[in-house]
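# Examination of the molecular architecture
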Amino acid sequence: MKVLLIDDERLARNELRRLLEAFPTLKVAGEAANAKQAREQMAALKPDLLFLDVQMPGETGMDLLESLAPPAPQVIFTTAYDEFAVKAFELNALDYLLKPVDPARLAAAIGRLSARLPGAPAVNGAAPDLRGQLAAGDKVFVREGDRCWFVELGQIRLLESEGNYTRVHFGDAQPQLFRSLNAMEERLDPKFFFRANRRQIINLSWISGIEPWFSGGLLVLLKGGEKVEISRRQAQEFRDRMSL
Amino acid sequence: MEVTANATVSVDDARRRQRAKERLYVLCQTLGWSLFTVMELASTLAMPNFDNDRSRSDQLSALIMMVTMGLLMTHFFRLLMARWSWKQMNWRFLAPRILLAAVVGSLLWNGLGCAYTRGLLREAWSPKYSFPLLFLISWFYGFTLMAAWLCLYFFYHLFERLNRSEIERFQLMTSVKEAELRALKSQVNPHFIFNSLNSLRALIGEDPARARQAVTQLANLLRYSLQSGQLETVPFEDELRVVNDYLALEQVRHEERLRLRLDVAPDTLQLPVPPMLLQTLVENAIKYGISPRPEGGEIAIVARREGSVLRLQVTNPGEMAPNGGSSSTGVGLQNAAERLRLIFGAGASLRLRSDAPARVVAEAVIPLSAGA
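Here's what I pulled together on the structure shown here. Every chain begins its residue count from 1, and numbering advances along the sequence as written. Whichever chain is written first becomes A and whichever ligand is written first becomes 1, with later ones labelled in order. Only residues with pLDDT of 70 or above have their local features reported here, since the model is predicted, and side-chain atom pairs are shown and tallied only from 80 upward, although totals for entire chains, interfaces and linings are computed over all residues.

## Concerning helix H2 (residues 35–45) of chain A
Residues and elements named next belong to chain A. With C-beta atoms placed from the backbone, the exposure class of a residue follows from how many other C-beta atoms lie within 10 Å of its own: 20 or more, buried; 12 or fewer, exposed; in between, partly exposed. Helix and strand definitions here come from DSSP, where helices need a minimum of 4 consecutive H or I residues and strands a minimum of 2 consecutive E residues; each element is numbered from the N-terminal end. Buried within H2 we find Ala35, Ala38 and Met42. The buried residues of H2 all sit within an arc of 50° when viewed along its axis, so they share a single face. The outward face of H2, more than 90 degrees from its buried face, is lined by the exposed residues Glu40, Ala43 and Ala44. Contact between residues is assigned whenever the C-beta positions, reconstructed from backbone atoms, fall within 7 Å. Its buried side turned inward, H2 meets strand S1 (2–6), strand S2 (27–32) and helix H3 (61–67). Regarding the arc, it is the one traced by the directions from the helix axis to the C-beta atoms.

Written out as structure tokens, the structure is:
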């Protein structure tokens, strides 16, 4: 598994590199001192896992994640002391390591990661093609205020256009994603996601009911309680799709 | 950013108190003179034959004139006393002034009163009493009233002043305690400590000698920050030594991103400074000047003795927070500014300003005479 270390301190990167020597399945492919370098390195190296410092000069680790095109990479955060960040991770059971890093905690985090990834440790297949289609198990990174989520696409019921952003509905939350709805549509798997109208994309596996609506349209009820109109133009395609 | 939050609050407070006092004054004047009018009326009616040669309407007119004059004169007194700041005087200076004011005030009051009754109402002189005797009695009566008015006025102010100084003393005590508590809490920045420990861990393998040195520096810094909460001031030399340790640790972390320039005049080293003041300024400079920029920058520390003040300047690259820094920038510096004010008084100051594009200077001015 290819690893990229992202931390503004050279010594912190060295320390992590030394700690990772104990894990033969992981190979440190590169290092980055800030978000800009990280993006370059990610494009060049296509790492499978990031060790990401939350506090960095310029863009923070969260800013970096938000700027990446989905799917979100596998990430283990590192932080010295940051109550907000720690709280945000705990909410989502994301993995984070406190610096100085405890080798036992590092081993546990890597163990959990291997368990989470489907298949062998050499996972995530080849790094996904950046323009390719997203699978239902792929994750996107979203953030609202202090909270952040790695949410699986399969858990998203509804995507709504809000200008250049997209509001995603899942669980009890509906944070914004820093991508336009059109950009998201290109990447979403049409087997699961359907463009209901100009502003909304629904996840077909979350539909709980369908009603006829005005002028040949349809009203779709989602399991989260949302009601979405399907325009007349899209209704025919929707019927075709559902009857398949 | 000039630290003015507290000052604004107290100005608002003072304004509110001033309005309340104004209302109380109007109320007291109205009630007092109404009571006086009622008593005068009652005594006139009770003694109908005292000067029965005057008609009732003339009596009433004279009374109204007297009350109006009294009201205006006491009001005028108040304005003059405010201008001559009698309220700030102590009793030894105030007593003769009150007597003099009552003598002159009553003369004026009676003189104008006589002029009014004799001149305008054209009252005939009652031969029963001689004019000087009547005037003397009337003058004495007026003098008593005026003196009583002034005494009441100053008793109230004396009482209020005592009350307020007591409240202020308590407020100061509370804010000292709060500042102490905050100082204790804020002295050790956990983010810095854990990052330093992390760097140290890496340094142990890379450069053991430098690692040993860094452990000592971190120990010095922690010890100093824990102990300094109990001291009001320390020699600048001590503070500077710890700041150097701190900067050495930051340089372990930031390496070439953090560049330093120290310019400390030798005659400043023995001067008293509040502990952790320079430390706070430098920490702030790194937090807002170095940490956020990938390319890093230079921190400059300048210390000068200028006449009766010690001037400390810490310069870092960066822009001022828009709109005076009501954000998190304020907290650390605000605490430092408050501590500075509590220890050294109004002569001390702590300001944040931009002296050149993309450069911010934090400047502390510490008076040398007071405090130490």
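## Re unusual backbone geometry
Residues and elements named next belong to chain A. Backbone torsion omega between Pro70 and Pro71 reads 5°, so that peptide bond is classified as cis. Within the fold, Pro71 resides in the loop between H3 and strand S4 (74–79). Following Lys99, the chain continues to Pro100 via a peptide bond in cis, the omega torsion being -5°. Relative to the elements of secondary structure, Pro100 occurs in the loop between strand S5 (96–98) and helix H5 (103–116). For Lys46, which is not glycine, the phi dihedral falls at a positive 45°.

## A closer look at the interface of chain A and chain B
On the chain B side, the residues contacting the 15 residues of chain A number 19 residues. Its residues assigned to classes, the side of chain A that touches chain B comprises six nonpolar, three polar and six charged. As a working rule, the residues Ala, Val, Leu, Ile, Met, Phe, Trp, Tyr, Cys and Pro are called nonpolar, Asp, Glu, Lys and Arg charged, and the rest polar, with Gly in that last group.

## Here we look at helix H2 (residues 56–83) of chain B
One turn of the α-helix equals 3.6 residues, which is why residues spaced by three or four share an orientation. All names here are of chain B. The terminal C-alpha atoms of H2, which comprises 28 residues, lie 41 Å apart, in line with the 40 Å expected from a rise of 1.5 Å per residue. Of the residues making up H2, those classed as buried are Met66, Gly70, Met73 and Met81. Ser85 lies just past H2 and shows a positive phi near 45°. How far a helix is expected to stretch is found by multiplying one less than its residue total by 1.5 Å.

## Examining the packing of helix H7 (residues 236–254) of chain B against helix H8 (residues 277–290) of chain B
Two numbers describe a pair of packed helices, the interaxial angle and the distance between the axes. Residue and element names in this part refer to chain B. Where H7 contacts H8, the two axes come as close as 9 Å, and the packing angle between them is 20°. Accordingly, the angle class assigned to the pair H7 and H8 is roughly parallel. For the crossing formed where H7 meets H8, the hand is right-handed. For the pair formed by H7 and H8, the contact residues are Glu239, Leu240, Val242, Val243, Tyr246, Leu247, Glu250 and His254 on the first element and Leu277, Leu278, Gln279, Val282, Ile286 and Ile290 on the second. When the residues that make up the contact of H7 with H8 are grouped by side-chain class, the tally is 10 nonpolar, two polar and two charged. To obtain each axis, a line is fitted to C-alpha atoms, and for helices this fit is confined to the stretch in contact; angles are then taken between N-to-C directions over 0 to 180 degrees. Roughly parallel means an angle under 35 degrees; roughly antiparallel means over 145; roughly perpendicular covers 65 to 115; every other angle is labelled oblique. Note on convention: near helix rotated counterclockwise from far helix by under a right angle means a left-handed crossing. Clockwise means right-handed.

## With respect to the pairing of strand S14 (residues 218–222) of chain A
Residues and elements named next belong to chain A. We call two strands paired when DSSP finds no fewer than two bridges between them. Here five bridges tie strand S13 (residues 207–212) to S14, and the two strands are oriented antiparallel to one another. Bridge assignment links Gly209 to a residue of S14, and that residue is Leu221. Where S13 hands over to S14, the hairpin turn is made up of five residues, of which Ser215 adopts a positive phi near 40°. Relative to strand S15 (residues 227–230), S14 is paired through four bridges, and the arrangement is antiparallel. Its bridge partner being in S15, Val220 is matched across the sheet by Val228.

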